[in-house]
Amino acid sequence: MTFENLLIDRDGPVAVVTVNRPKVLNALNTQTLDELRRAILALKHDDSVRAVVLTGAGEKSFIAGADINELAVQTPTTGREHAMAGQHVLDLIEHMGKPVIAAINGYALGGGCELAMACTLRIAADTARLGQPEITLGIIPGYAGTQRLARIIGRGRALELLLTGDQISAPEAHRLGLVNRVVPAADLMRDARALAATLAAKAPVAVRYILEAVHKGLEMPFPQAQVFEATLFGLVASTEDMREGTKAFLEKRKPEFRGK
Ligand code: COA
């Protein structure tokens, strides 16, 4: 896979995707979003990839939002298409069936914060800044930021960030539950890769079903979500990895999962 605005690097079962437009703080233009769409689909269908790290090039920014040059010229119809295209790419990330870790190395604003929220886990450098500043441009988030933010940190806290447009620090984002971990900037990529490698060693089918149970189950009424979970539990019981995991425990050794 070769892309103009993305770098893809492999480290065993972990793929590292870097959005590479540092001159504009890795702002997401249409081309970059489309490259992300194609990269995510390719990584989803590559069985040798078991976890992904997503980050931004340079030391200053993860992604400073959608490209404001493109936003400034939207019409009602293109604006709707633009928002739906962004939502589609973020949905692909959320539903790719493999853990995606956002390594937030700097500004994660607007579409950058929305992209991070579509990832499975978020690790932030202590220097990172997060926020949804759309309101300061006279617009609203369009990549499902109003929805994911409220679901991740709660309605009241989300409304405050969305209505003020304030940037928050990484420790504040951690306090709000917006990021899972904060680490020294110098350790960010090492820690993100290590976490991805840990998740990549887990049983892939079980990982996929946990992601599905949480993401799809949360959108269902509780009794239905329980039936859904029980069905996935039954399905996972048919895997070789389930036999390997339970056998390894009883034999007091580490399991070797094969994704079958
Ligand atoms: N879209 C397009 N270009 C962007 C951008 C974006 N979202 N964010 C930054 N850039 C560009 C700047 O225009 C500037 O380009 P220039 O060198 O040609 O002037 C370059 O990236 C560097 O940004 P700059 O503003 O000079 O850096 P800074 O350190 O002073 O400020 C930010 C950093 C992130 C606070 C500031 O760039 C900013 O507020 N960006 C917009 C964030 C935003 O509103 N995102 C949501 C969009 S919906």
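Structure: above.
Report follows, based on the coordinates. (Residues numbered from 1 in each chain as written. Predicted model: local features only at pLDDT ≥ 70, side-chain atom pairs only at ≥ 80, totals over all residues. Heavy atoms only, no water.)

What about the sheet that holds strand E4 (residues 61–63)?
No. 1: Here we have four strands laid out as an open sheet, ordered E4-E6-E8-E9, and mixed in their pairing. Looking along the sheet, the strands with just one partner apiece sit at the ends: E4 and strand E9 (168–169).
No. 2: By the bridge criterion, three bridges tie strand E6 (residues 107–109) to strand E8 (residues 129–131) in an arrangement that is parallel. Each bridged residue has a counterpart across the sheet, and for Ala-108 the counterpart in E8 is Leu-130.
No. 3: Of the strands in this sheet, E4, E6 and E8 touch helix H4 (residues 111–118), which is tilted by about 90° from E6. (Pairing = 2+ DSSP bridges. Helix = DSSP H or I, 4+ residues; strand = E, 2+ residues; numbered from the N terminus. Contact = heavy atoms within 4.5 Å. Axes fitted to C-alpha atoms, helices over the stretch in contact; angles between N-to-C directions.)

Digging into the nonpolar core
No. 1: Formed by 47 residues in total, the largest nonpolar core has its most connected members in Leu-36, Leu-54, Ile-104, Leu-130, Leu-149 and Leu-178.
No. 2: Residue contacts for Leu-54: discarding those within four places in its chain leaves Val-17, Leu-36, Phe-62, Ile-93, Val-100, Ile-101, Ala-102, Ala-103, Leu-115 and Cys-119.
No. 3: Of all hydrophobic cores here, the second largest spans 14 residues; its members include Val-14, Ile-101, Ile-123 and Leu-188. (Core = buried A, V, L, I, M, F, W, Y, C linked by side-chain atoms within 4.5 Å. Buried < 20%, exposed > 50% of the residue type's maximum accessible area, 1.4 Å probe, protein only.)

With respect to the site of the ligand
No. 1: In the vicinity of the ligand, 18 residues are found, and the nearest of them are Val-24, Lys-60, Ala-64, Ala-66 and Ile-68.
No. 2: One of the backbone N or O atoms of Lys-23 is found 3.5 Å from an oxygen atom in the ligand.
No. 3: In the environment of the ligand, an oxygen atom lies 2.7 Å from a nitrogen or oxygen atom belonging to the side chain of Lys-60.
No. 4: Contact with the protein chains hides 59% of the accessible area of the ligand, taken as 870 Å² for the molecule alone. (Near = heavy atom within 4 Å. Polar contact = N/O pair within 3.5 Å; in protein donor to acceptor, adjacent residues only side chain to side chain. Areas by Shrake-Rupley, 256 points an atom, 1.4 Å probe, with all protein chains shown as cover.)

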